[in-house]
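Given next are the chains, with one letter for each unit.
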Amino acid sequence: MTIGVINWGLALDSFPVLLQGAKITLQFTVVSVFFGMILGLIFALGRMSKNKIIKFLSAAYIDFFRGTPLLVQIFLIYFGIPQLIPFTLPDNYQYIAGAIALSLNCGAYTAEIFRSGIQSIDYGQAEAARSLGMSHFQSMRYIILPQAFKVVVPPLGNEFIAMLKDSSLLAIIAIEDLMYTGKIIAGRTFQALPIFMMVAVMYLAMTMALSMLVNYTEKRLSKSDNG
Amino acid sequence: MITVSNLHKYFGKLEVLKGIDMQVKEREVVVIIGASGSGKSTLLRCLNKLEDTTSGEIIIDGIPLNSEANVNAIRREVGMVFQRFNLFPHMTALQNVILAPQIVRNLSKQEAENIGLELLNKVGLGDKVNEYPRRLSGGQQQRVAIARALAMRPKVMLFDEATSALDPEMVGEVLAVMRDLAREGMTMVVVTHEMGFAREVGDRLIFIDEGVIVEEGPPVEVFSNPRNPRTQAFLSKIL
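Below or above, wherever it landed, is the structure these notes cover. Predicted model only: the values in this text are computed from it and were never measured.

Overview of the side chain of R75 of chain B
Assignment of secondary structure puts R75 of chain B in helix α2 (residues 68-77). The exposure class of R75 of chain B is buried, given its relative accessible area of 6%. At 3.0 Å, the side chain of R75 of chain B and the backbone oxygen of N48 of chain B are in polar contact. Setting aside anything within four residues of it in sequence, one finds R75 of chain B in contact with R130, S131, L132 and G133 of chain A together with N48, K49 and L50 of chain B.

Below, the structure is given as structure tokens:
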């Protein structure tokens, strides 16, 4: 095989191996979206808390992870944190670091999405709930959050799609995701164009599937009347 | 049932309530009138602590409104109806009515539903129990809101301009429900612009201007023979 001859067939031949990488990409996306939503809800409520310390800490977290590059965050956690830890980290620490970095990043963006969703709900709703004797928690749980959730589905969907794409940065710390697998094959075969085209198509397929899922959820939610 | 003494309330530097003293007896219907911005809605909202008070004392059913626990206890006993209904849009009429009895009063779903259906029938919406609020007219929504408040079996009902956001043809149906409640002996504090209702249903009329109670008495007396010049000016404008 000579350099300069484009071997398009290789793209198809590599598909099964790339698919293994895509699986890892999906796993990291699912994990970070799952923890990101939990973190997002906690810090959205924290950011709106009356307690000044909780409010400050939540805002600091959100600002830091939204205001710095994800790559820097990955490096801080993968290379930086081990300096603080007196014992040797496991060999597979890159997976833990990658999942933590993505989750924290996703949590910060999700927190702002949840906050704007919650604040978009008419204040009269909370007043009505409280006037019926519901606690703050009950009014959030039964009245505000179910309504806010409908509002946040589209921006949340965008965030998840962004997460899926951004997870490709994990390739830099040697997590064998779709990007990393593509890089390895392209490096060995010098067939960057067909391989990365295939990688791109596979990312596109995943983001489009995700976006369809979001649209479907949105439609189903709007079927139950939301006034 | 309700005792308010020397209640002051500031919004920032603006004093909106300037020392209110007021009592509401059990089974009494007190109607509060006054111009926009006079503080009448604020006073009502202070009664279940939707507004923080700056100073003064409020005692409802023997419980002073001074701690978080007491506030929640009092809100269970005090129903409130809002100008803009504030129904929960993601729930049907029946769900709106039965939620609080279940999670605040710990009634079973069955018990709550029995109460809910009875109340929705009472406000004339027995055929709308499974409708979502946005499919109901304003008058119907407000009647659901009244049923929702009543489902907590409150000892007092507060009405904050309950008919002000309604189209004129729907005002009557809501006032009719309120009139029935008054007749059954519910203790009520009503902020309203409906002078006909005030005259007919109210046991006592309170006129508020610039954050003070200027005049109070039996509605017929205040309407036909207002003593204070500010009351006279207000009534001459609206009657």
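As for the environment of S41 of chain B
Residues and elements named next belong to chain B. Counting through the fold element by element, S41 comes out in helix α1 (residues 40-46). Between the alpha carbons of S41 and L65 there is a distance of 18 Å; along the sequence they are 24 residues apart. Residue contacts for S41: discarding those within four places in its chain leaves D160, E161 and V191.

As for the layout of surface pockets
Volume-wise, the largest pocket comes out at about 1,000 Å³. K50, Y123, A126, R130 and H136 of chain A are, among the 29 residues lining the largest pocket, the residues nearest its centre. Residue assignment for the lining of the largest pocket shows that the elements contributing at least two residues are α2 (15-47), α5 (93-119), α6 (123-131) and α7 (136-166) of chain A together with α2 of chain B. Looking at the lining of the largest pocket element by element, the count peaks at seven residues for α7 of chain A. Here the lining of the largest pocket is composed, by residue class, of 13 nonpolar, six polar and 10 charged.

Re unusual backbone geometry
Peptide bonds are trans in most cases, and residues, glycine excluded, mostly fall at negative phi. Residues and elements named next belong to chain B. One non-glycine residue, R27, lies in positive phi territory at about 70°. Within the secondary structure, R27 sits in the loop between β2 (14-24) and β3 (29-33). On the basis of relative accessible area, R27 is assigned to the exposed category, the value being 53%. The phi torsion at N106 lies on the positive side, around 60°, for a residue other than glycine. Mapped onto the elements of the fold, N106 is located in the loop between α3 (93-103) and α4 (109-122). Classification of N106 by relative accessible area gives exposed; the value is 62%.

Parameters at a glance
Residues numbered from 1 in each chain as written. Chains lettered and ligands numbered in written order. Predicted model: local features only at pLDDT ≥ 70, side-chain atom pairs only at ≥ 80, totals over all residues. Heavy atoms only, no water. Helix = DSSP H or I, 4+ residues; strand = E, 2+ residues; numbered from the N terminus. Buried < 20%, exposed > 50% of the residue type's maximum accessible area, 1.4 Å probe, protein only. Polar contact = N/O pair within 3.5 Å; in protein donor to acceptor, adjacent residues only side chain to side chain. Contact = heavy atoms within 4.5 Å. 1 Å grid on protein atoms, 1.4 Å probe; cavity = no way out; pocket = protein on both sides within 12 Å on 5 of 7 lines; lining within 4 Å. Points joined across faces, edges and corners; volume = space filled by probe spheres on them. Nonpolar A, V, L, I, M, F, W, Y, C, P; charged D, E, K, R; others polar.

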